[in-house]
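Chain and residue survey
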Amino acid sequence: MSPEAVRALIEPDRVDRRVYTDPAIFALEIERIFARAWIYVAHASQLKQPGDFVTTKVAQQDVVVIRHLDGSIRALRNRCGHRGARVVAERSGNAKRLQCPYHGWTFLTDGALDAVPLPEGYDGTGFERSLHGMQALPRVASYRGFVFASLAAEGPDLESFLGPAGAVLDNMVERAPEGELEIAGGTFRALQRNNWKIYLENLHDGVHAQSVHRASIEASRAVAATLTGPPRFALEIVAANGIPFREMGKLTVNCYGHGHSDMRGFRKTRATDPEFQEYEAALARRIGADGAAGVLDDNRHNALIYPGFSVHPAFQQLRVIIPERVDRTVVEVWCLRMKGAPAHMHRRTVAFANAVHSPASIVKVDDLEAYERVQEGWSDDGWVSLHRGAGRAGGATALDERFIRNQYQAWLGYMEAA
Amino acid sequence: MSELAQIAGFLHQEAALLDERRFEAWLDLFAEDGTYWIPASAGQPDPLDHVSLVYEDLTMLRVRIRRLVHPGAHALAIPIRTSRLVGNVMLVDGDGDRLTVRARFQLLEMQGERQRLFAGAYTHLLVRHRGSFKIRQKRVDLVGSDATHAAIQVLI
C-alpha cells in the first residue's frame, strides 16, 4: 500500500471504515505498527531467577521472554532453529535450557544453539550452528520493571517512545510503599470479536457508559437503595459508570506523542476508610506525608501506551492488547501487588479486576457486545466520525474524541513509512 | 428418601430454576452470607487474593440478576436459553448440619445461532434448613477456567 493510499484512509476528523475491516490493512498494521513499536512483554517480577520465562506475542510472533544466566532479560522467537517448531508451550516456567520437542535440539537462555543429537551428521555439510539458534528480538528494554521488546532494530529508545506517558508508570511504582511492584493474583484473558483499535477507542470514552451500561447502572442503583451501612466497593465500581455527562466532562484526557494518552479523575483514589489510611501511612513512612499525598493525588484513572498496552495506576491493573485477526483481539489483564502495602490493598486490586475486567463481569459483557456490534456494522464502505470536539482549542475531556484522533496521527506515522 | 437423593434433588431443582430463569427463587436458595464463586484458574486456593471470573455475595448477585432481566441490557437483546445437566453427585464431607457436595455439570447455551458448551465441577457448601438446604457457597470450577473466554452472561 502506497503512502498516498494509506493517507487517504485518515482525515483529521474521520477515518475510512476499512481500517477496521480490511485484512490487508490489518496485515500492514502488524508489519508497520506492532513490529516497529515497543510492545509490553512481561513484568520483571515474573522473571526473578535465571531461566524464569513467560511466553507472549509480539506482532503475531510467538515470543519467549527469559532471564538469561547473566541476569539480562532476553526476548526470543519461540521457534526452533531447525524446523521452526514452537519450542515452549507453557505460559510461564523456569528452564536452564530450552528444548525443542521434535528432534531434541536444545538452546541456551540467550537463544544460542547448545546441542543437537547426532552432531557428526553435520560434519562437512556447511551447517552453521550460529545461524540456527532461537532468534533474539533486536531490542529489549525495561522501564521501572515493565519490560518491552521490539521486532525493529531501529527506532526511538524506550524512554523516548514513552515520553510523558512514562510518568504514568512512575506513578504506579511510586504508589508502592517499598517502591516496587510484582505481578500477583492471576490473570484474565478476554476474547473480543472486534478490531484491536475499537478497544483502544473506548478507553477514555465517557459518552458510551450511560447507554452501554444502563442496565447494570440501574441495577446497582436499585440494590444500593436497599442497603444501609458503609459503601460497598464493587457496587460503587459498577455504579460509577452512571456519573452524569457534566461530571465526565470534567475528566481531563491528555494526549501525548506516539498515540499515548491518559485520563485524570473519574473516581477519587484517596479513600478515607481505616484500611486506606493504614496504606497511606505505610507510603508516608518512605516518602513523607506530603510525598504520599502528592503520589496519590496524581489521579490517572487509566492510560494507553499505544498500540498494545494499557494501565490503571490507581488500581494496579495491566492490560495487554493482542491483535489476532482483523476482527479478533485478545485482551490479557494482570494485577500488580504493591510491595509493603497492607494485604487488603491487593484485595481491592483483585476486586476491581473482577468487577471491571472479568469476561463474566456485568460491566464488561455489555462493552464486549458494543464492540462486536461496531465490528458487525462496518461491512460496507464509508467513513467513521471522529468529530466530537474536533477543531476546538483547549484541553480535551472524556467527552471528546481527541485521544482517538491522536491515535490516528500515530497510526499514520507508522503506516506511511514503507 | 436417602440423604444423597435429597441432595441430588436439591441440585437438580437449583439447575431447573436457572434454566427457567427464575432468578429470584434461585437466590432464595442461598444463605444470607452465601457466596457464588467461579475461579479463574484450576485449583484456585482463594477468591480474595486471586482474580475470579465471578466472586459475588448476595448484594452483587442481586445486581447481576437485575441486569439479567433488565429490558435495557443490550447484550441480551437476543435472549440466552440454557439447558443443564447435573450428575455424579457425591457427598464428600458431612459434619452435622454442614455438608460439602461435589457434582459435575454440562451447560448448553444458545444465543441466537451461537451455541456454547460449558462443563465442569460444582462444589456446594450446604447447611440444613427446614428439611432442605441453604447454599453457603457455590463454587463452579469450569473445565478451562483459565482459558480465553468470550463474554459470559449466564449464571453457571
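Presented here is an overview of the structure given in this document.

Some details on empty space enclosed by the protein
Once rolled over the atoms, a probe with the size of a water molecule shows which space is left empty. Per the counting criterion, the structure on display carries four cavities of 30 Å³ or more. The space that makes up the largest cavity amounts to roughly 440 Å³. If you trace the largest cavity, you find 29 residues lining it, with H208(A), N241(A), N302(A), V356(A) and D367(A) closest to the centre. Of all the elements in the fold, those that place two or more residues in the lining of the largest cavity are α7 (208–212), β16 (300–305), α12 (343–356) and α13 (364–377) of chain A. Of all the elements, α13(A) adds the most residues to the lining of the largest cavity, at four residues. Broken down by class, the residue content of the lining of the largest cavity amounts to 13 nonpolar, 11 polar and five charged. Of the pockets and cavities examined, the second largest cavity occupies roughly 100 Å³. Taken together, L18(B), R21(B), F23(B), L68(B), L76(B), I80(B), R81(B), T82(B), R84(B), Q153(B), V154(B) and L155(B) make up the lining of the second largest cavity. In terms of residue count, strand β3 (residues 80–95) of chain B provides more of the lining of the second largest cavity than any other element does, four residues in total.

Thoughts on the interface of chain A and chain B
In this complex, chain A contributes 42 residues to the contact, which on the side of chain B involves 33 residues. For the pair chain A and chain B, the summed buried surface comes to about 3,200 Å²; carbon and sulfur atoms form 58% of the total. Sorting the residues of chain A by area buried against chain B places R347(A), A360(A) and I362(A) first, and these three jointly supply 16% of that buried surface. The tally of links from chain A across to chain B stands at four salt bridges. Here D366(A) ties to R67(B) by a salt bridge, and the two come within 3.0 Å at their closest N and O atoms. Linking chain A with chain B are 18 residue pairs in polar contact (both at pLDDT 80 or more), by the criterion used here. For the side of chain A that touches chain B, the secondary-structure elements that each account for two or more residues are β13 (181–192), α8 (214–224), α9 (233–239), β19 (328–338), α12 and α13 of chain A. Counting residues per element, the side of chain A that touches chain B draws most heavily on α8(A), which supplies eight residues. Per-class residue counts for the side of chain A that touches chain B are 22 nonpolar, nine polar and 11 charged.

Describing the sheet that holds strand β7 (residues 92–94) of chain A
All names here are of chain A. Spatially, four strands are ordered β6-β5-β4-β7 in an open sheet, and the strand pairing comes out antiparallel. The open sheet is flanked by β6 (73–77) and β7, the only strands paired with a single partner. For this sheet the average axis-to-axis angle between neighbouring strands, irrespective of direction, equals 30°. One ladder, built from five bridges, connects strand β5 (residues 61–67) with β6; its direction is antiparallel. Looking at the pairing, R67 lines up with I73 of β6.

A look at helix α3 (residues 23–34) of chain A
Every buried residue of α3(A) is accounted for by I25(A), F26(A), L28(A), E29(A), I30(A), R32(A), I33(A) and F34(A). If you check the start of α3(A), you find a side-chain oxygen 2.8 Å away from the backbone N of A24(A), and it comes from D22(A).

Describing the environment of Y40(A)
Residues and elements named next belong to chain A. Tracing the backbone through its elements, the reader meets Y40 in strand β3 (residues 39–43). On the basis of relative accessibility, which here comes to 5%, the residue Y40 falls in the buried class. Considering only alpha carbons, one finds Y40 and H213, 173 residues apart in sequence, at a separation of 30 Å. Separated by 3.4 Å, the side chain of Y40 and the backbone oxygen of A42 make a polar contact.

Here's the deal with the nonpolar core
Core analysis: the largest hydrophobic core is formed by 147 residues, its most contacted members being F146(A), W411(A), W26(B) and I156(B). Of all the elements, helix α14 (residues 402–416) of chain A adds the most residues to this core, at eight residues. If near-sequence neighbours (up to four positions away) are discounted, I156(B) is found in contact with Y36(B), I38(B), R84(B), F105(B), L107(B), F118(B), Y122(B), K138(B), V140(B) and L142(B). Residues F53(A), C80(A), C100(A) and W105(A) belong to the second largest nonpolar core, which totals 15 residues.

Considerations on the layout of surface pockets
Residue and element names in this part refer to chain A. There is about 1,200 Å³ of room inside the largest pocket. Forming the walls of the largest pocket are 45 residues, and the residues nearest its centre are R232, F233, A234, R348 and A351. Sort the elements by how many residues they give to the lining of the largest pocket and α12 lands first, with nine residues. Of the residues belonging to the lining of the largest pocket, the class tally is 25 nonpolar, eight polar and 12 charged. Roughly 770 Å³ of volume is contained in the second largest pocket. Surrounding the second largest pocket, 35 residues form its lining, T55, R91, R189, E332 and W334 being those nearest its centre. Looking at the lining of the second largest pocket, the elements with two or more residues in it are β3, β4 (52–58), β13, β18 (317–325) and β19. Among the residues forming the lining of the second largest pocket, the class breakdown is 15 nonpolar, 11 polar and nine charged.

About the cut-offs
Just so you know, the residues in each chain are numbered from 1, in the order the chain's sequence is written. A letter from A marks each chain and a number from 1 marks each ligand, given out in the order of writing. Only residues with pLDDT of at least 70 get local features here, since the model is predicted, and only at 80 or more are side-chain atom pairs given and counted; chain-wide, interface and lining totals rely on the full set of residues. Side-chain numbers come from the whole structure's heavy atoms, not from hydrogens or water. Cavities and pockets are found on a 1 Å grid laid over the protein atoms alone: a cavity is a set of points where a 1.4 Å probe fits but cannot escape, a pocket is an open set with protein on both sides within 12 Å along at least five of seven lines, and a lining residue has an atom within 4 Å of such a point. Grid points are joined across faces, edges and corners, and a volume is the space filled by probe spheres set on the points. Going along the chain from the N terminus, every DSSP run of H or I of four or more residues is numbered as a helix, and every run of E of two or more is numbered as a strand. Under this grouping Gly is polar, as are all residues other than the nonpolar Ala, Val, Leu, Ile, Met, Phe, Trp, Tyr, Cys and Pro and the charged Asp, Glu, Lys and Arg. Any two residues having at least one pair of non-hydrogen atoms within 4.5 Å are treated as being in contact. Accessible-area loss on putting two parts together, using a 1.4 Å probe and summing over both, is the definition of buried area adopted here. Throughout this description, the term salt bridge denotes a Lys or Arg side-chain nitrogen within 4 Å of a carboxyl oxygen of Asp or Glu. Polar contact criterion, stated in full: a pair of N or O atoms within 3.5 Å, where within protein one must be able to donate a hydrogen and the other to accept it, and residues adjacent in sequence count only if both atoms are side-chain atoms. Strand pairing requires that DSSP identify at least two bridges connecting the strands. Note on geometry: axes are C-alpha line fits, over the in-contact stretch for helices, and angles between N-to-C directions span 0 to 180 degrees. Burial classes: relative accessible area under 20% of the type maximum marks a residue as buried, over 50% as exposed, and values in between as partly exposed (1.4 Å probe, protein chains only). Buried residues of nine kinds, namely Ala, Val, Leu, Ile, Met, Phe, Trp, Tyr and Cys, make up a nonpolar core once their side-chain atoms join them within 4.5 Å.

Spatial relationships are all this shows, so hold off on functional conclusions.
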